[in-house]
Amino acid sequence: MNLPVYMDYHATTPCDSRVLEAMLPYFSQQFGNAASQGHVFGWHAAEAVKIAREEIAGLLNADPSEIIFTSGATESINLAMKGVFEMMSGRGRHIITVSTEHRAVLDTCRHLEKLGAEISYLPVLPNGLINLDELKSAIRPDTILITVMYANNETGVLQPIHEIGKIAKDNGILFLSDATQALGKIPVNVIDIGIDLLAYSAHKLYGPKGIGALYIRRRNPRVRLIAQMDGGGQERGFRSGTLNVPGIVGFGKAASLAGAEMEENMKLISRLRDELEWALLQFDGARLNGHSRNRLPTVTNISFADTSGQHLLETLLKDIAISSGSACSSASLEPSHVLKAMGLNDESAYHAIRFSLGKYNTREEVDFVIEKVSYALKRQVLNLKN
Ligand SMILES: *Cc1c(COP(=O)(O)O)cnc(C)c1O
């Protein structure tokens, strides 16, 4: 077993070696610009991009022409929200989202508010789910977009995406979902769900960092939005800039592996997660944050009572890579906005630790983590330092 143990797969995942292998030729021999249509270097690059686009579209049952490559989920969300707002602000300026969204959504909302958008931030129940009646009553004649994440990065909670899609469709409102945590973990099908825009990143599913995509529905309805990057007109004009061919090839490989191996991987990961969670919840005052069933199989978010979560985290971090809340909020030492929206007080939110597992975790590592937490908690009870 290698130390430290990595249990922060919701922050990022390592590149699968098969992904890396697929990418390598595109840095050197096959270095062409996919837009160079006059010679063989460009043709090879364009062909590789075409195949990757099909693989990525396949993971969500989309048409390849509906996939726009970006630098990641953050950029995809920015493009979707700002692009729709700019396109439709003449028709309406009201957007509905949820208080537990990722910063990429919430901070984009703040930006749009400065440009005249009105945003409704739906609250969540203590289990992290939204109340659909509250969504329905938030809808106004000038609502242009509903943005609800598929799966929460901190708790894994899955929102009722199908029902939200139906409500959006019945009201003729566009529906954007941040599916960064869902892709590769649970089946996502944009045809079944009335999703119009869907954002995600390769590095959360064993692909490289710095590459992501935005799914933009082309039929029923055909989504129109204003590009946020001007230039060479790549990606059907939605996102100019030379394509990151090695990244796209890696993303494609990661998506096809994720699709083929999802069931098997998730069976193993959920078993490890359940074992870990069961053991951790035996500690006095430990409690699970978020719905216990409507969630991803990869994560457990637990508040440990009567101890300083931050201190516990510091003790554990020597041997275990984990985080309190999201990676971004743990850097700022702010209590997680997700847990606070679920009704936790500052103290319980501070005391929460997110263990997120992935396909390279082992039972040995799970046992090690349980032992370390037990040891750290005992020392805390005795008020010992280090
Ligand atoms: C990681 C993550 C993002 C941001 O992805 P980037 O690759 O950093 O752009 C957005 N939303 C969720 C839910 C995430 O987990």
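Details of the structure are given in the entry above.
Report follows, based on the coordinates. In this text the structure is predicted, and so the values were computed from the model without any measurement.

## What to know about the site of the ligand
Every residue lining the ligand is accounted for by Gly72, Ala73, Thr74, His102, Met149, Asn153, Asp178, Thr180, Gln181, Ser201, His203 and Lys204. Between lysine 204 and the ligand, the recorded distance is 2.7 Å, taken from a side-chain N or O atom to an oxygen atom. When grouped by side-chain class, the residues that make up the shell around the ligand number two nonpolar, eight polar and two charged.

## Thoughts on empty space enclosed by the protein
Counted under the stated rule, the structure contains four cavities of 30 Å³ or more. Every residue lining the largest cavity is counted, 22 residues in all, and those nearest its centre are Gly184, Leu205, Tyr206, Asn265 and Met266. Among the elements that make up the lining of the largest cavity, the one with the highest residue count is helix H7 (residues 245–280) (eight residues). A breakdown of the residues in the lining of the largest cavity according to their chemical character gives twelve nonpolar, five polar and five charged. Split by domain, the residues of the lining of the largest cavity number at least three in each of domain 1 (5–12 + 262–385) and domain 2 (17–256).

## Points about helix H2 (residues 40–60)
For H2, built from 21 residues, the straight-helix expectation of 30 Å at 1.5 Å per residue is met to within 8% by its first-to-last C-alpha distance of 31 Å. The complete set of buried residues in H2 reads Gly42, Ala45, Ala48, Val49, Ala52, Arg53, Ile56, Ala57, Leu59 and Leu60. Along the axis of H2, the buried residues cluster in a sector spanning 170 degrees; they form a single face. Packed against the buried residues of H2 are strand S2 (67–70), strand S7 (197–201), strand S8 (212–216) and H7.

## Structural notes on the packing of aromatic side chains
Under the definition given, this model contains six aromatic pairs. Between tyrosine 200 and phenylalanine 251, the ring centres sit 5.7 Å apart and the planes meet at 70 degrees, which makes this aromatic pair edge-to-face. With a gap of 51 residues between them, tyrosine 200 in strand S7 and phenylalanine 251 in helix H7 connect regions that are remote in the sequence. Taking the relative accessible area as the measure of exposure, tyrosine 200 reaches 1% and is therefore buried. Taking 5.8 Å as the distance between ring centres and 90 degrees as the angle between the ring planes, the aromatic pair formed by tyrosine 206 and tyrosine 360 counts as edge-to-face. Taken together, the residues tyrosine 206 in the loop between S7 and S8 and tyrosine 360 in the loop between strand S12 (352–356) and helix H12 (363–381) connect sequence positions 154 residues apart. Look at tyrosine 206 and you get buried, because its relative accessible area is 13%. Aromatic rings pair up to connect Tyr6, Tyr9, Tyr206 and Tyr360 into one cluster. Lysine 359 extends its terminal NZ or CZ atom over the ring of tyrosine 206, reaching a point 4.3 Å from the ring centre.

## Looking at unusual backbone geometry
Here the amide bond leading from leucine 3 into proline 4 is cis, since omega sits at -10 degrees, within 30 degrees of zero. For proline 4, the location among the structural elements is in the segment before strand S1 (5–6). Phi is positive for glutamate 235, close to 55 degrees, though the residue is something other than glycine. Checked against the element boundaries, glutamate 235 lands in the loop between S8 and H7.

## A look at the sheet that holds S12
One open sheet accounts for three strands, arranged S9-S10-S12; its pairing is antiparallel. Edge positions in the sheet fall to strand S9 (287–288) and S12, since each of these pairs with one other strand and no more. Of the pairings in the sheet, the one linking S9 to strand S10 (residues 299–303) comprises two bridges and is antiparallel in character. Counted as the bridge partner of leucine 288 is isoleucine 302 from S10. Contacting S9, S10 and S12, H7 runs over the sheet at an angle of about 10 degrees to S10.

## Digging into the pairing of strand S5 (residues 143–147)
Within S5, five of the five residues are buried, which leaves the element mostly enclosed by the surrounding structure. Relative to S5, strand S3 (residues 94–98) runs parallel, the two sharing three bridges. Residue pairing across strands places isoleucine 96 opposite isoleucine 146, the latter belonging to S5. Where S5 and strand S6 (residues 174–178) come together, three bridges link them in parallel fashion. Note that in S6 the partner of isoleucine 146 across the bridge is phenylalanine 175.

## Observations concerning the packing of helix H3 (residues 73–88) against helix H4 (residues 103–114)
Packing of H3 against H4 leaves a shortest axis separation of 9 Å and a crossing angle of 30 degrees. Regarding the angle of H3 to H4, the classification is roughly parallel. The element H3 and its partner H4 pack so that their crossing is right-handed. For the pair H3 and H4, the contacting residues are Thr74, Ile77, Asn78, Met81, Lys82 and Phe85 in the first and Ala104, Val105, Thr108, Cys109, His111 and Leu112 in the second.

## Considerations on the nonpolar core
In terms of nonpolar packing, the biggest core is built from 94 residues, with Phe304 and Phe355 touching the most fellow members. Sort the elements by how many residues they give to this core and H7 lands first, with 15 residues. Looking at this core, you find at least three residues from each of domain 1 (5–12 + 262–385) and domain 2 (17–256). Those residues in contact with phenylalanine 304 that sit more than four places away from it in its chain are Leu280, Phe283, Ala286, Leu312, His351, Ile353, Phe355, Val373 and Leu377. Membership of the second largest hydrophobic core comes to 26 residues, among which are Leu174, Ala199, Val223 and Leu225.

## Here we look at the side chain of threonine 13
With respect to the element layout, threonine 13 can be found in the loop between S1 and helix H1 (17–23). A residue is classified by how much of its surface remains accessible, and threonine 13, at 3% relative accessible area, is buried. A polar side-chain atom of threonine 13 sits 2.7 Å from the main-chain carbonyl oxygen of histidine 203. Within the structure, the side chain of threonine 13 is placed 2.8 Å from the backbone nitrogen of tyrosine 206, a separation counted as a polar contact. Excluding anything up to four places from it in sequence, threonine 13 contacts His203, Lys204, Leu205, Tyr206, Gly207 and Lys209.

What counts and how
- Residues numbered from 1 in each chain as written.
- Predicted model: local features only at pLDDT ≥ 70, side-chain atom pairs only at ≥ 80, totals over all residues.
- Heavy atoms only, no water.
- Near = heavy atom within 4 Å.
- Polar contact = N/O pair within 3.5 Å; in protein donor to acceptor, adjacent residues only side chain to side chain.
- Nonpolar A, V, L, I, M, F, W, Y, C, P; charged D, E, K, R; others polar.
- 1 Å grid on protein atoms, 1.4 Å probe; cavity = no way out; pocket = protein on both sides within 12 Å on 5 of 7 lines; lining within 4 Å.
- Points joined across faces, edges and corners; volume = space filled by probe spheres on them.
- Helix = DSSP H or I, 4+ residues; strand = E, 2+ residues; numbered from the N terminus.
- Domains from an automatic or database assignment.
- Expected span 1.5 Å × (residues − 1).
- Buried < 20%, exposed > 50% of the residue type's maximum accessible area, 1.4 Å probe, protein only.
- Arc of directions from axis to C-beta.
- Contact = heavy atoms within 4.5 Å.
- Phe/Tyr/Trp six-rings, centres within 6.5 Å; stacked < 30°, edge-to-face > 60°.
- Lys NZ or Arg CZ within 6 Å of the ring centre and 35° of its normal.
- Pairing = 2+ DSSP bridges.
- Axes fitted to C-alpha atoms, helices over the stretch in contact; angles between N-to-C directions.
- Parallel < 35°, antiparallel > 145°, perpendicular 65-115°, else oblique.
- Left-handed = near helix turned anticlockwise from the far one by under 90°.
- Core = buried A, V, L, I, M, F, W, Y, C linked by side-chain atoms within 4.5 Å.

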